[in-house]
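A structural walkthrough
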Amino acid sequence: MLPIKEAEDRPLLLLLEGLIGAGKSVATLSIAEVMGLVPLLEPVTTNPYLADFYKAVQAGGTKERVKESLISSMESICDHNKVEADADYMVAALEQEGLTDSMVPAFMQLHLLTKRFQLYNAAVHGMPIAKALGHPAKGAILDRSLDGDTVFARMNAEVGNIKPREFASYFSHWQVMQNYRPYAHAMIFLRVTPKEAKRRCDKRARPEEVERTGGFPLDYMEALSGAYDELIDWAEKRMRVVEINYNDPIPPLPLSDVQDDYPTLVRSYRQRGVAEDNWPKVLPRYEAERLVEKIRNQLPEPGFWDRTAALRLD
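Below or above, wherever it landed, is the structure these notes cover.

The rules behind each value
Residues numbered from 1 in each chain as written. Predicted model: local features only at pLDDT ≥ 70, side-chain atom pairs only at ≥ 80, totals over all residues. Heavy atoms only, no water. Helix = DSSP H or I, 4+ residues; strand = E, 2+ residues; numbered from the N terminus. Buried < 20%, exposed > 50% of the residue type's maximum accessible area, 1.4 Å probe, protein only. Contact = heavy atoms within 4.5 Å. Areas by Shrake-Rupley, 256 points an atom, 1.4 Å probe, with all protein chains shown as cover. Salt bridge = Lys/Arg side-chain N within 4 Å of Asp/Glu carboxyl O. Pairing = 2+ DSSP bridges. Axes fitted to C-alpha atoms, helices over the stretch in contact; angles between N-to-C directions.

**Examining the overall build of the protein chain**
When its secondary structure is counted, the protein chain shows 15 helices and seven strands. Of all 314 residues assigned to the protein chain, the portion counted as buried reaches 50%. For the protein chain, the proportion of contacts with a sequence separation of at least 24, taken over those separated by at least 6, is 78%. Surface exposure of the protein chain reaches about 15,500 Å², of which carbon and sulfur atoms provide 52%.

**Some thoughts on the pattern of salt bridges**
A full pass over the atoms with the stated rule returns 12 salt bridges. Across the pair R200 and E196 runs a salt bridge, and its minimum N-O distance is 2.8 Å. Here R200 pairs with E196, and both are found in helix 10 (residues 194–204), just four residues apart, close to one helical turn. For the residue pair R200 and E196, the accessibility class agrees, reading buried in each case. One salt bridge connects K198 with D202, and the closest N-O pair in it is separated by 3.3 Å. Of the two residues, K198 and D202 are both situated in helix 10; the distance of four residues between them amounts to about one turn of the helix. On the basis of relative accessible area, K198 is assigned to the partly exposed category, the value being 23%. The exposure class of D202 is partly exposed, given its relative accessible area of 38%. Within this structure, R191, D229 and E243 form a network of salt bridges that share partners.

**A word on the sheet that holds strand 3 (residues 139–143)**
Neighbouring strands of a sheet are bound in pairs by backbone hydrogen bonds; such pairs are parallel or else antiparallel. The strand order 2-3-1-4-5 describes an open sheet built from five strands, whose pairing is parallel. Because the sheet does not close on itself, it has two edges, and the strands there are strand 2 (38–40) and strand 5 (240–245). Neighbouring strand axes in the sheet, compared pairwise and without regard to direction, differ in orientation by 20° on average. Across five bridges, the pairing between strand 1 (residues 12–18) and strand 3 is parallel. Paired with L12 across the bridge in strand 3 is G139.

Right, here's the structure in full:
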């Protein structure tokens, strides 16, 4: 990876991390508008495996899901046109050993890892192209990162959902990916108590989360919080880390209600033909600007924001 000092010459790249339900997507979209960044959201709504992932241990999997995960993984790291045939061969071998069902959690985690790797590459390599074409974006902000993905993989391994052999394979993929991506400029961590994160998950009531034995148990959130503490310790040795107390944010508003405050985001959804009823929620503009100022104040290094030219509240 590129060290921090070499990263400063690239367009700004921020990572946003936090517990499930912390409010990452809302914060990502809001920060992006204020800072002039491209928001790259976690692949939740476009993830065809999420509901099955939550109940994989109880319901098992199918060879079709395993095959799709294999194809997704190989397409992200290989450049040849035989991935489907290779996937068929691998699934047949796994099915012969009776392993397709037991490996669903591992394949699911690998699927998420490769999707985040694709987003990371889009942030790193897509911004210079966009800039050359006259796009106004100054960089990108990612809603969860490659590194945050490892938190969930480790937890699944610790509770036995992913076997040691499969976790070793997952981790080797993650290590290889480290050689093909530079460090981010900073990781922003939204600090929310496990109890508050659970309350927010219960309130938003995503179907796949509610079906998971009625939601996330508190002890799961507490274990996840501890795992994130370890991630922060790791990240502090490699990039700047900003922690924001996010236990009492102002409630978000429908984007359709604050269109004048979010012109770039509104234009993006309109260009893609997304109906207003399906637009996301965002923070009130004044709250988004206040959140950005909190981030700026925790990184007072002389010249940092001038170099990236990304935190000017015009």
